[in-house]
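# Fold and contact review
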Amino acid sequence: MMNNILMYVWLLVGFFLLIKGADLFVDGTSSIAKLLKVPSIIIGLTIVAMGTSAPEMAVSVGAAIKGQNDIVISNVLGSNIFNLLVVAGGCAVIKSLPVSIDLRKRDFPFSIGIAALLLFFCLNSLIIGGKGFTINRTEGIILFAGLMAYLGFLVYSAVKGRTGLPGDEEIKTMSPLKSVFYTALGIAGIVVGGDLVVDSASDIAAAFGLSQTIIGLTILAVGTSLPELVTSLVATRKGENDLAMGNVIGSNIFNILGVLGLSAAVSPVKVSGFSVIDLSLFIGFCLIIYLVTFFRNKIERLPGILMVLTYLGYMTYAVMREVF
């Protein structure tokens, strides 16, 4: 009885740490961006994206080390689909979400391109090797090297184009030390809170007799994406739209190039046929949403609602195919 109560207590503690950590994280990183005269979009694509993707990295690399490679690809794809449809869609439901020209011309297309490259790697292994879908160590290293090149390009662009932004003099910022402290404390809250939510939610699901497969498809993928969800929602509420959308795109890029790339470099990742379908669906979702942002320059409330509903439909399909 006491253990059952503790599961729910830890779940609530985890959500509190996630929300408070995200609040501190957005404040800290926004202040750092203004102090360094770096656009919020760069901070969202780098520090925020990597910080909120820490749970995915921990879960996937840990699974790769243990040889549980089926968890790796499902966690990455599940998290990316959740980020795209629920995190971005949820933010748009709360408030129309503008998508900057840099995201539309550079980062969003890049995220679609690397997803297509990942699909090529999967299909290539089947055509050439004939041993099923696999991401080998060489391909993992290529993906991870792509992340390093991408981050290097972002840093170079930020340093080269660093200029005072209009109205910066009127924006209050925290001291450098306080900004870094808030950012570090926020990351700690996000990571610890995410772990507590995933662990306690998994225990609760198991207590109700749900299979590990269903738990992995739902709680694990969604749970490790909670930091992205909370951080982007808080950023949207505070008017940091570039930070919110940059976090979504940046996290998806980091998940494929960093999380999956490093995991495959540690141990070749076997990809199921269902995962290939999920990857194809993800690319399709990306293309549709990209077209919306390309012509409208933003994601409005109605498309946001449709994105969330699409995710619910996808999850229903994913659970049903596992059950039957």
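Source: prediction; values computed, not measured.

### Brief notes about the overall build of the protein chain
Each helix and strand in the protein chain was counted, giving 12 helices and four strands. For the protein chain, the residues scored as buried account for 50% of the 324 residues in total. Accessible surface, the protein chain: about 14600 Å² in total, of which carbon and sulfur atoms supply 71%.

### Considerations on helix α7 (residues 176-207)
The terminal C-alpha atoms of α7, which comprises 32 residues, lie 46 Å apart, in line with the 46 Å expected from a rise of 1.5 Å per residue. Just beyond α7, the residue with positive phi is Gly209, at close to 80°.

### Some thoughts on the confidence of the model for the protein chain
For any part of a model where pLDDT is low, the fine detail of the predicted coordinates should not be relied upon. Considering every residue of the protein chain, the mean pLDDT works out to 82; 89% of them sit at 70 or more. The lowest-confidence element of the protein chain is helix α8 (residues 212-224), averaging 68 in pLDDT; the highest-confidence one is helix α11 (residues 273-296), averaging 93. Counting interchain partners and residues more than four positions distant, the pLDDT-below-50 stretch residues 163-171 has three contacts.

### Some points on empty space enclosed by the protein
For the structure shown, the criterion picks out one cavity of 30 Å³ or more. There is about 30 Å³ of room inside the largest cavity. Around the largest cavity, the lining residues are Leu45, Ala49, Met50, Leu147, Tyr150, Leu151, Gly250, Ile253 and Phe254. At the level of secondary structure, the elements contributing two or more residues to the lining of the largest cavity comprise α2 (40-52), α6 (137-160) and α10 (241-266).

### With respect to the side chain of Ser263
Within the element layout of this structure, Ser263 appears in helix α10. You can call Ser263 buried: its relative accessible area is 0%.

### Focus: the pattern of salt bridges
Enumeration over the complete set of coordinates arrives at five salt bridges. Put simply, Arg321 and Asp278 hold a salt bridge, and the shortest N to O gap is 2.6 Å. Residue Arg321 is located in helix α12 (residues 301-323), and its partner Asp278 is located in helix α11; the two are separated by 43 residues in the primary sequence. Considered together, Arg321 and Asp278 belong to a single accessibility category, that of buried residues. Linking Glu300 and Arg296 is a salt bridge whose minimum nitrogen-to-oxygen distance equals 3.1 Å. On the accessibility criterion, Glu300 (27% relative accessible area) is partly exposed. A residue is classified by how much of its surface remains accessible, and Arg296, at 48% relative accessible area, is partly exposed. Members of the salt-bridge network, linked through shared partners, are Arg296, Lys298 and Glu300.

Cut-off values and rules
- All chains use their own residue numbering, which begins from 1 and follows the written sequence.
- Selection of residues for local features in this predicted model requires a pLDDT of at least 70, selection of side-chain atom pairs for listing and counting requires 80 or more, and totals for whole chains, interfaces and linings are taken over all residues.
- To obtain the side-chain values, all non-hydrogen atoms of the structure were used and water was disregarded.
- Runs of H or I in DSSP of at least four residues are treated as helices and runs of E of at least two as strands, each being numbered from the N terminus.
- Relative accessibility under 20% of the residue-type maximum defines a buried residue, over 50% an exposed one, and the middle range a partly exposed one, all with a 1.4 Å probe and only protein chains included.
- Accessibility throughout is a Shrake-Rupley quantity obtained with a 1.4 Å probe, and a residue counts as covered only by protein chains that appear here.
- Here, expected helix span is obtained from the residue count minus one, scaled by 1.5 Å.
- Confidence of the predictor in every single residue is expressed as pLDDT, which spans 0 to 100.
- Any two residues whose heavy atoms approach within 4.5 Å at even a single point are treated as in contact.
- The distinction between a cavity and a pocket rests on a 1 Å grid over the protein atoms alone: a 1.4 Å probe fits inside a cavity but cannot get out, while a pocket stays open yet meets protein on both sides within 12 Å along at least five of seven lines, and a residue with an atom within 4 Å of a point counts as lining.
- Grid points are joined across faces, edges and corners, and a volume is the space filled by probe spheres set on the points.
- Think of a salt bridge as a Lys or Arg side-chain nitrogen and an Asp or Glu carboxyl oxygen that are within 4 Å of each other.

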